[in-house]
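What follows is each chain in one-letter form.
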Amino acid sequence: MGTRTRANWHYGQRCRAGPTETELFRASNPAGSEGEERYLAGVPMHRLGTPDEIAAAIQFLLSGNAGFITGQTLFIDGGASIGRALL
């Protein structure tokens, strides 16, 4: 079972990742492009996440340190899920 699948399956926990700097993202949104800026406009931290940041959150949820956490959705999105209006 893959990490993403396991993170979604483990006690009903969900991980919702925001715009992440990957080869696929960069293929259609080069650095400095209008596409990148559109994504970043909705991210209060005004940067892309990294695959390592997403993996670290999933790793935490799969660890014993998260043993008492159940049925939660963890938004790993630099604040995009709350929007810019709340800052």
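This is a predicted model, so every value here is computed, not measured.

Engineer: Before we move on, can you summarise the overall build of the chain with the specific residues and values?
Structural biologist: If you tally the helices and strands in the chain, you get four helices and two strands. Along the chain, from the amino end to the carboxyl end, the secondary structure elements read α-β-α-α-α-β. Per-residue burial for the chain yields a buried fraction of 29% across its 87 residues. Across the chain, every contact between residues at least 6 apart in sequence was considered, and the portion connecting residues at least 24 apart equals 66%. In the form shown here, the chain has an accessible surface area of approximately 6100 Å², with 55% of it arising from carbon and sulfur atoms.

Engineer: Quick one: what's the story with helix α4 (residues 51-62), residue by residue and with numbers?
Structural biologist: Because each turn of an α-helix spans 3.6 residues, side chains separated by three or four positions end up pointing in the same direction. For α4, which comprises 12 residues, the first-to-last C-alpha distance of 16 Å matches the rise-based estimate of 16 Å (1.5 Å per residue) to within 8%. Within α4 the residues assigned to the buried category are Ile54, Ala57, Ile58 and Leu61. The buried residues of α4 occupy an angular sector of 95° when projected down its axis, which confines them to one face. In α4, the exposed residues that point more than 90 degrees away from the buried face are Asp52 and Gln59.

Engineer: Lay out the pattern of salt bridges in plain terms, naming residues and giving numbers.
Structural biologist: Two side chains carrying opposite charge are able to pair once their charged atoms lie near each other. Under the criterion given, the structure shown has three salt bridges. We note a salt bridge from Arg26 to Glu36, for which the minimum N-O separation is 2.7 Å. In this pair, Arg26 sits in helix α2 (residues 23-28) while Glu36 sits in helix α3 (residues 34-41), placing the two residues 10 residues apart along the sequence. For the salt bridge of Glu53 with Arg47, the shortest nitrogen-to-oxygen distance reads 2.7 Å. Arg47 gets classed as partly exposed once you look at its relative accessible area, which sits at 36%. Residues joined by salt bridges that share partners form a network here, namely Glu21, Arg26 and Glu36.

Engineer: I'd love a proper account of the environment of Arg26, names of residues and values included.
Structural biologist: Along the sequence, Arg26 and Glu36 sit 10 residues apart, while their C-alpha atoms lie 8.5 Å from each other. Sequence-distant contacts of Arg26, that is, excluding residues within four places in its chain, are made with Glu21, Ala31, Glu36 and Leu48. One polar contact links Arg26 to Glu36, side chain to side chain, over a distance of 2.7 Å.

Engineer: Tell me about unusual backbone geometry, and name the residues and values.
Structural biologist: Positive phi outside glycine occurs at His46, with the angle close to 50°. Within the fold, His46 resides in the loop between α3 and α4.

Engineer: With reference to specific residues and values, describe the side chain of Ser33.
Structural biologist: The residue Ser33 is located in the loop between α2 and α3 in this model. Among the polar contacts listed, one links the side chain of Ser33 to the backbone oxygen of Pro30, at a separation of 2.8 Å.

Engineer: Tell me about the nonpolar core, residues and numbers included.
Structural biologist: Residues Cys15, Ile54, Ala57, Ile58, Leu61, Ala66 and Ile76 constitute the largest nonpolar core, which totals seven residues. At four residues, the largest contribution of residues to this core is made by α4.

Cut-offs and rules
Residues numbered from 1 in each chain as written. Predicted model: local features only at pLDDT ≥ 70, side-chain atom pairs only at ≥ 80, totals over all residues. Heavy atoms only, no water. Helix = DSSP H or I, 4+ residues; strand = E, 2+ residues; numbered from the N terminus. Buried < 20%, exposed > 50% of the residue type's maximum accessible area, 1.4 Å probe, protein only. Contact = heavy atoms within 4.5 Å. Areas by Shrake-Rupley, 256 points an atom, 1.4 Å probe, with all protein chains shown as cover. Expected span 1.5 Å × (residues − 1). Arc of directions from axis to C-beta. Salt bridge = Lys/Arg side-chain N within 4 Å of Asp/Glu carboxyl O. Polar contact = N/O pair within 3.5 Å; in protein donor to acceptor, adjacent residues only side chain to side chain. Core = buried A, V, L, I, M, F, W, Y, C linked by side-chain atoms within 4.5 Å.

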